[in-house]
Amino acid sequence: MASTWQGSFAHLKEFIKDNPAIEISGNCISIPGDVRPEFYRRFDNVRTDFLKDNFPSSLEKGYELSREFAQVYKEAIAASGLEAINVRAAVNWFLQDPINGLMRSLFDPVFNLIRGKLSEQTFVENTIRLIDDVFRDYFRHGYECWTVLGLLAHLQPDKNYLSKSRDFHTDSEVGGNSVTPGMHEELVDTVTESKSIAFDGSSITNFITPRTLFHAQRLGRYVAIHTDFAEAWWRARGRSERMEWFNIKSLVAEFGRARLWPDLLVYAADDVADLNLVADYAWVARPDLIVEIEEADGWYEKGGLELAQRHVAALKPRLGCYIICRTAPPAEAYNEIMPKSPVTTPQETPVGIIAGDDALAAPQTIQEQVPPSNPEPCIHIIHAGYDFKMLDSIVEALAGQKPTTGDK
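The model shown is predicted, which means the values in this text are computed figures rather than measured ones.

A. Expanded view of the overall build of the protein chain. A tally of regular secondary structure across the protein chain gives 11 helices and 18 strands. For the protein chain, the proportion of its 408 residues judged to be buried stands at 46%. Taking the contacts inside the protein chain whose residues are at least 6 apart along the sequence as the reference set, 80% of them involve residues at least 24 apart.

B. Molecular detail of the pairing of strand β14 (residues 289-294). Most of β14 sits out of view: six of its six residues are buried. On β14, burial covers both faces: Leu289, Val291 and Ile293 on one face and Ile290, Glu292 and Glu294 on the other are all buried. Judged from the three bridges that link them, strand β12 (residues 264-269) and β14 form a sheet pairing that is antiparallel. Across the sheet, the residue bridging to Val266 is Leu289, located in β14.

C. Region of the structure containing the packing of aromatic side chains. For the structure on display, the rule yields 22 aromatic pairs. Here the aromatic rings of Phe43 and Phe111 are separated by 4.7 Å at their centres, their planes lie at 35°, and the arrangement is tilted. Of this pair, Phe43 sits in helix α2 (residues 36-54) while Phe111 sits in helix α6 (residues 107-115); the two residues are 68 residues apart in sequence, bridging distant segments of the chain. The class of Phe111 is buried, set by a relative accessible area of 1%.

D. Geometry of the pattern of salt bridges. Using the criterion set out here, one finds 18 salt bridges in the structure. The residue Glu38 makes a salt bridge to Arg41 at a minimum N-O spacing of 2.7 Å. Here Arg41 and Glu38 lie together in helix α2, a separation of three residues that amounts to about one turn. Using a relative accessible area of 25% as the deciding quantity, one classes Glu38 as partly exposed. The partner of Glu193 in a salt bridge is Lys159, and the shortest N-O contact between them spans 3.8 Å. One end of the pair, Glu193, is in strand β6 (residues 192-193); the other, Lys159, is in strand β4 (residues 157-162), and 34 residues separate them in sequence. In this structure, a network of salt bridges that share partners links the residues Glu244, Arg286, Asp288 and Arg318.

E. How the structure looks around helix α8 (residues 248-255). Among the residues of α8, Ile248, Leu251, Val252 and Phe255 are the ones counted as buried. Taken end-on, α8 shows its buried residues confined to a sector of 95°, consistent with a single buried face. With respect to the buried face of α8, the exposed residues turned more than 90 degrees away are Lys249, Ala253 and Glu254. Looking at the buried side of α8, the elements it contacts are β11 (245-247), β13 (283-285) and α9 (304-315). Between the side-chain oxygen of the N-cap and the backbone nitrogen of Lys249 there are 3.1 Å, and the N-cap of α8 in question is Asn247. Gly256, located one to two residues past α8, shows a positive phi value of around 85°.

F. Quick peek at the side chain of Arg47. Within the secondary structure, Arg47 is located in helix α2. Since its relative accessible area comes to 9%, Arg47 is described here as buried. Residues contacting Arg47, with those up to four places away along its chain left out, are Met103, Arg104, Leu106, Phe107 and Val110.

G. Highlighting the pairing of strand β8 (residues 212-216). In terms of burial, β8 is largely enclosed, as five of its five residues are buried. Of the two faces of β8, the one holding Thr212, Phe214 and Ala216 and the one holding Leu213 and His215 are both buried throughout. Pairing analysis gives four bridges linking β4 to β8, with the strands arranged antiparallel. Following the sheet pairing, Lys159 is matched in β8 by His215. The sheet contact formed by β8 and strand β9 (residues 221-227) spans five bridges and is antiparallel. Considered in β9, the bridge of Leu213 is made with Ala224. Where β8 hands over to β9, the hairpin turn is made up of four residues, of which Gly220 adopts a positive phi near 70°.

H. Focus on the confidence of the model for the protein chain. On average, residues of the protein chain carry a pLDDT of 86, and 84% of them reach 70 or more. Highest mean pLDDT in the protein chain belongs to helix α5 (residues 98-103) (98); lowest belongs to strand β17 (residues 364-370) (38). This stretch, residues 343-372, has a pLDDT under 50; its non-local contacts, to residues over four places away or in other chains, come to 30 contacts. Segment residues 402-408: pLDDT under 50, and 22 contacts once partners within four positions in sequence are set aside and those in other chains are kept.

I. Inspection of the environment of Gly150 at higher detail. Within the secondary structure layout, Gly150 lies in helix α7 (residues 120-155). With a relative accessible area of 0%, Gly150 lands in the buried category. Taking the C-alpha atoms as reference, Gly150 lies 9.4 Å from Tyr386; in sequence the two are 236 residues apart. Residues in contact with Gly150, not counting those within four places in the same chain, are Val72, Phe388 and Leu391.

J. Inspection of the sheet that holds strand β15 (residues 321-325) at higher detail. One open sheet holds the eight strands; their spatial order is β6-β4-β8-β9-β12-β14-β15-β18, and the pairing between them is mixed. In this open sheet, the two strands that pair with only one neighbour each are β6 and β18 (379-383). The pairing of β14 with β15 spans five bridges and is classified as parallel. Residue pairing for β15: Glu294 is matched across the bridge by Cys325.

Rules behind the numbers
- Residues numbered from 1 in each chain as written.
- Predicted model: local features only at pLDDT ≥ 70, side-chain atom pairs only at ≥ 80, totals over all residues.
- Heavy atoms only, no water.
- Helix = DSSP H or I, 4+ residues; strand = E, 2+ residues; numbered from the N terminus.
- Buried < 20%, exposed > 50% of the residue type's maximum accessible area, 1.4 Å probe, protein only.
- Contact = heavy atoms within 4.5 Å.
- Pairing = 2+ DSSP bridges.
- Phe/Tyr/Trp six-rings, centres within 6.5 Å; stacked < 30°, edge-to-face > 60°.
- Salt bridge = Lys/Arg side-chain N within 4 Å of Asp/Glu carboxyl O.
- Arc of directions from axis to C-beta.
- Polar contact = N/O pair within 3.5 Å; in protein donor to acceptor, adjacent residues only side chain to side chain.
- pLDDT = per-residue confidence, 0-100.

As structure tokens, then:
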């Protein structure tokens, strides 16, 4: 039995056959204006029906995220006074309408199917793999943005700032072939007030600066949040002496370069000038806390805690690590993050003389509990789903309140 998309594709081919002025061959696409609207209506039906036939579960998750993102977007705008929150264009299309966001990836494959460059079987196999990858990317970034906006709504910014960075679009010395990474040194720009934040940015940039930087009313302090960590090309002069800095080369030597950075690095300070730089070519600021985003089902079984533990060991966040997950992990995940039992050191202490005997009693042992030195920061799991109020424990940690290990 033919699937819906195959029926739509048959209608599209019939339309092309009935309109010989349409030319689709090799690298040539010529569709006359009088038939173009109907052609693309049928063309879009193929793409839409293919998604509905093959990705019903993904689309259901996508539309749930779309609704929840729209809600937290309103909350964040209302709480912060921002006028715009910009998300990467492809992810934004997906968040506005998941089918519209995903179907764009099918443009070339459907044309290649029309041209006969692909058999239907190859088309199906290739595009299913393609959409699987695209969906995971968009959904992950969407849930990450949802988390940041949830934090914004909680922290209630009354002033928002921008710490500018430069990329190869705005400065030819950044990423240019004539410039060796790490050779150029310059002051970081001072922060300026801003009415917008952007989650999209170049992966080739002079410095790593926060995606969002603001004064949080709930804390009475400044907060910086960075996502999508990349490598900076320049060295910074005048890094804040009040921040603690880790040498990136040493981190890479000890922990490796692959997947070294957490999803969110969060910083808090009394002076906004301390937060204008997250990292330069050689140094990264020690975060107050890090946040890992786990939007996929079965993240714990796929080793989610191992990556969080590696990030904690590398960056030593003062307030630990928070794992924000969309679906509930098994009980084993909470058990694994519970603090280990304190180290016990036997201390031999004579406790008395045996009555009627001149011999000293065999020493009895008192177990004196000695806490471990330099304990690793704790990892906390928050099963947030789409309830951004569950993120309040992160705000409490930033406010100096001791968080509860194993938050649920």
